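# Structural description and commentary
Chain residues, written in single-letter form:
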Amino acid sequence: MIQELDVDGVPTLLAPTGGPMRAGLTFRVGTADETLARSGITHLLEHLALAPLGLADYHVNGATAPVFTTFHMQGSAQDIATFLTSVCANLTELPTGRLDVEKEILRTEHSSRGTAAADDIPLWRHGARDFGITSYPEWGLGALTGDDLRQWAARWFTRENAVLWIAGKAVPAGLRLALPAGVRQPVPAASSALPQTPAYFVGGSRAVVLDAVVRRRTAASVFAGVLERELYRALRQDGGLSYQTTAGYEPRGDGNATLRALADALPEKQDAVLGGFVDTLAKLRVGRIEQADLDAVVAKREDFLGTAEVDAARLPSYAFNVLTGERNLTVDEHRAELKAVDTHDVHEVAREAVAGALLMVPEGHRADWAGFTEAPTRSADTVTGTAYREKEGDGELHVGVDGVSWLGHGGPLTVRYAQCALMLTWPDGARQLIGDDAISMRIEPTMFDLHPGAIRVIDSQVPDDRQVLMPARDPERIPQPRAAAAGSGQREPVKRSWWEIPLMVVSGLVALVIGGGTFLLTLGMFVTETAESDKGWLWSAIAVGWLLTVILALPIVLLRRRRR
């Protein structure tokens, strides 16, 4: 049984465990509550709260997710009491002396983190806001101050916005949760950057990934298990096309859940994997649900519900539901709902998942043949304003009073100032604007015939709290037109074609033979007596010989001039 208690005004959940004691303090705040220009503030605050604790002889960690942040630990009752008491004290009195150090640690963490196949999916579905922010670097770190962090902590890290969970016999003696008063914060509304679904986009991974948002319910979690079994059977067991085939289900806290499935592929098998993946979705969407798969998924869940540790294992998800205001089921209620799921329920979820699906396909592939619409990569409209020509190419940059548009290769692209999620600024004048819809536009002043006041107009229209100053760039990394590079003496070498040298050698040899013979014949006309009847054709032969010599030498001259 999970008991509901209260510790210093913080809702507390307690469940027995036969293993080591563990506990967590979870807050209803995450990356989805941030803006792109302030991204990283929750993660930085989490690091600051843990930094003074130093090395520990027990398992301790923190995690920042889209809608929650948690501090958890496994150890003795006394260790847990000391850990959580210290975390709350650090949240109340932030150790801002380590601010710069922790910023560097977070930057290092980001640079060393590998790229996962599904990293870009949030921005394609949600744009550059709320649930889409996890796809971007933590660009807000540089400008964050101690006051910024203290204001963030006072709003989000409060006792009313927290839940404590403990897997153990009792609340540890001496535990104190000295948190300020506040209010329970609702889960942010999820935005959408997809005008139409089902949709697809081309990713940089070799995997095929499905992302779907479905109503949270037991049948939806069962569908994820059925989908995983179908993908495994079709793409790995029968086809031998994929090694990894997975599917998962994760509640989002707003009455919906994210359903995600993945199948990897070798480059030469990507066509077959994409086709098999789509066929599997189509099979489930039309209602061809294998009863054996449904029974196997339900049985596996029932086995988990029958374990002695089930209540302790459910504590983190139970705390999440308390924070988000969603209903918690008892073990018996959960078991009853599992038994009630039938193939009709799974079919209904399959139709819902495919209807709102976002499919990531490998580079060089499409999915419009399967009924998926390409996710937008361009803007639907442009702004009017002063046009500035591109120095190389035929593109134009339009700088207006309400936004900026690019008309050229890959366009049109438009970012309106009112919908600008972030503008990165460089000391050399470069700007990168990212719209709420994730449309991104890079402006390099060196590549346009820009009036000096154009950048000032953009800077004045984008709100200051959405601008992030970037470090100065190495001059060699600043793009320059080819004409400018040539003017500075930095010419690009001309590459020879494979046939140039053989042509020059053959032309030279033949020209040498014919020219040499023509020279001897010409010399002979002056030093020897020649019959008058023969002089006419001999001079004609000499003229033809010299003409051929010039023609054969011409490729050598032209190719050498081209090389210079």
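Summarised in this report is the structure supplied together with it. (Residues numbered from 1 in each chain as written. Predicted model: local features only at pLDDT ≥ 70, side-chain atom pairs only at ≥ 80, totals over all residues. Heavy atoms only, no water.)

### Things to note about the overall build of the protein
Helix and strand counts for the protein stand at 16 helices and 20 strands. Principal-axis analysis of the C-alpha atoms gives the protein an extent of 130 × 60 × 50 Å. Every one of the 564 residues in the protein was classed for burial, and the buried ones make up 45%. The long-range fraction of contacts in the protein, counting pairs at least 24 apart against all pairs at least 6 apart in sequence, stands at 73%. (Helix = DSSP H or I, 4+ residues; strand = E, 2+ residues; numbered from the N terminus. Buried < 20%, exposed > 50% of the residue type's maximum accessible area, 1.4 Å probe, protein only. Contact = heavy atoms within 4.5 Å.)

### What to know about the packing of aromatic side chains
A ring pair, where both rings are aromatic, is described by two values, the distance of the centres and the angle of the planes. Considering all chains together, one arrives at 7 aromatic pairs under this definition. Where tyrosine 136 meets tryptophan 139, the ring centres are 6.0 Å apart and the plane angle is 45 degrees; that geometry is what we call tilted. A single burial state applies to tyrosine 136 and to tryptophan 139, both of which are buried. Between the aromatic rings of tryptophan 152 and tryptophan 156, the centroid separation amounts to 5.5 Å while the plane-to-plane angle is 40 degrees, which identifies the pairing as tilted. With tryptophan 152 and tryptophan 156 both in helix H5 (residues 146–156), this residue pair falls 4 residues apart, about one helical turn. Take tryptophan 152 and tryptophan 156: they sit in the same class, and that class is buried. These aromatic residues form a ring-pair network of at least three members: Phe27, Phe71 and Phe157. Cation over ring: arginine 252 sits above phenylalanine 131, and NZ or CZ is 5.2 Å from the ring centre. Above the face of the tryptophan 426 ring, arginine 442 is positioned so that its terminal group lies 4.3 Å from the ring centre. (Phe/Tyr/Trp six-rings, centres within 6.5 Å; stacked < 30°, edge-to-face > 60°. Lys NZ or Arg CZ within 6 Å of the ring centre and 35° of its normal.)

### As for unusual backbone geometry
Omega for the peptide link from threonine 197 to proline 198 comes to 0 degrees, which places this bond in the cis form. One can find proline 198 in the loop between strand E6 (162–167) and strand E7 (199–202). Here the residue pair glycine 411 and proline 412 is connected by a cis peptide bond, since its omega of 5 degrees sits within 30 degrees of zero. For proline 412, the location among the structural elements is in the loop between strand E15 (403–407) and strand E16 (413–416). A positive phi is found at alanine 438, a non-glycine position, where the angle reads about 80 degrees. Locating alanine 438 in the fold gives a position in the loop between strand E18 (431–435) and strand E19 (440–443). For alanine 438, a relative accessible area of 19% gives the class buried.

### Some details on the environment of methionine 470
Mapped onto the elements, methionine 470 comes out in the loop between strand E20 (467–469) and helix H14 (482–487). Considering only alpha carbons, one finds methionine 470 and glycine 142, 328 residues apart in sequence, at a separation of 8.5 Å. Residues within four places of methionine 470 in sequence aside, it is in contact with Trp139, Leu424, Thr425, Trp426 and Pro427.

### Topic: the pattern of salt bridges
Within this structure, the stated rule accounts for 32 salt bridges. For arginine 229, the salt bridge is made with aspartate 293, and the minimal N-O distance between the two is 3.0 Å. On the criterion of sequence distance, the pair formed by arginine 229 in helix H6 (residues 218–238) and aspartate 293 in helix H8 (residues 291–305) is long-range, its members being 64 residues apart. Two residues, arginine 314 and aspartate 311, come together in a salt bridge whose shortest N-O distance is 3.7 Å. Residue classification places aspartate 311 among the buried residues on the basis of a relative accessible area of 14%. Residues joined by salt bridges that share partners form a network here, namely Arg229, Glu230, Arg233, Lys283, Glu290 and Asp293. (Salt bridge = Lys/Arg side-chain N within 4 Å of Asp/Glu carboxyl O.)

### Topic: the pairing of strand E10 (residues 256–263)
Taken together, the 8 bridges between strand E8 (residues 208–215) and E10 define a ladder with antiparallel strand orientation. Across the sheet, valine 213 pairs through a bridge with threonine 258, a residue of E10. Looking at chain direction, strand E9 (residues 245–251) and E10 are connected through 7 bridges and run antiparallel. Residue pairing for E10: glycine 248 is matched across the bridge by arginine 260. (Pairing = 2+ DSSP bridges.)

### What about the sheet that holds strand E14 (residues 396–399)?
Spatial ordering of the open sheet is given by E13-E14-E15-E16, a layout of 4 strands whose pairing is antiparallel. The sheet is open, and its two edges are formed by strand E13 (386–389) and E16, each paired on a single side. Within this sheet the neighbouring strands show an average axis-to-axis angle of 15 degrees, counted without direction. Bridge analysis of E13 against E14 gives 4 bridges, and the strand direction is antiparallel. Paired with alanine 387 across the bridge in E14 is histidine 398. (Axes fitted to C-alpha atoms, helices over the stretch in contact; angles between N-to-C directions.)

### What to know about empty space enclosed by the protein
Per the stated rule, a full pass over the model turns up 1 cavity of 30 Å³ or more. Quantified by volume, the largest cavity comes out at close to 30 Å³. Looking at the largest cavity, the residues that line it are His43, Leu106, Glu109, His110, Arg113 and Glu138. Looking at the lining of the largest cavity element by element, the count peaks at 3 residues for helix H3 (residues 99–112). In terms of residue class, the lining of the largest cavity is built from 1 nonpolar, 2 polar and 3 charged. (1 Å grid on protein atoms, 1.4 Å probe; cavity = no way out; pocket = protein on both sides within 12 Å on 5 of 7 lines; lining within 4 Å. Points joined across faces, edges and corners; volume = space filled by probe spheres on them. Nonpolar A, V, L, I, M, F, W, Y, C, P; charged D, E, K, R; others polar.)

### A look at the side chain of serine 221
With respect to the secondary-structure elements, serine 221 resides in helix H6. Setting aside its immediate chain neighbours within four residues, serine 221 contacts Tyr249 and Arg301.

### Some remarks on the side chain of threonine 414
Along the chain, threonine 414 turns up in strand E16. By relative accessible area, which is 7% here, threonine 414 ends up buried. Excluding residues within four positions of it along the chain, threonine 414 makes contact with Ser379, Asp381, Thr382, Val383, Val404, Ser405, Ile439 and Met441.

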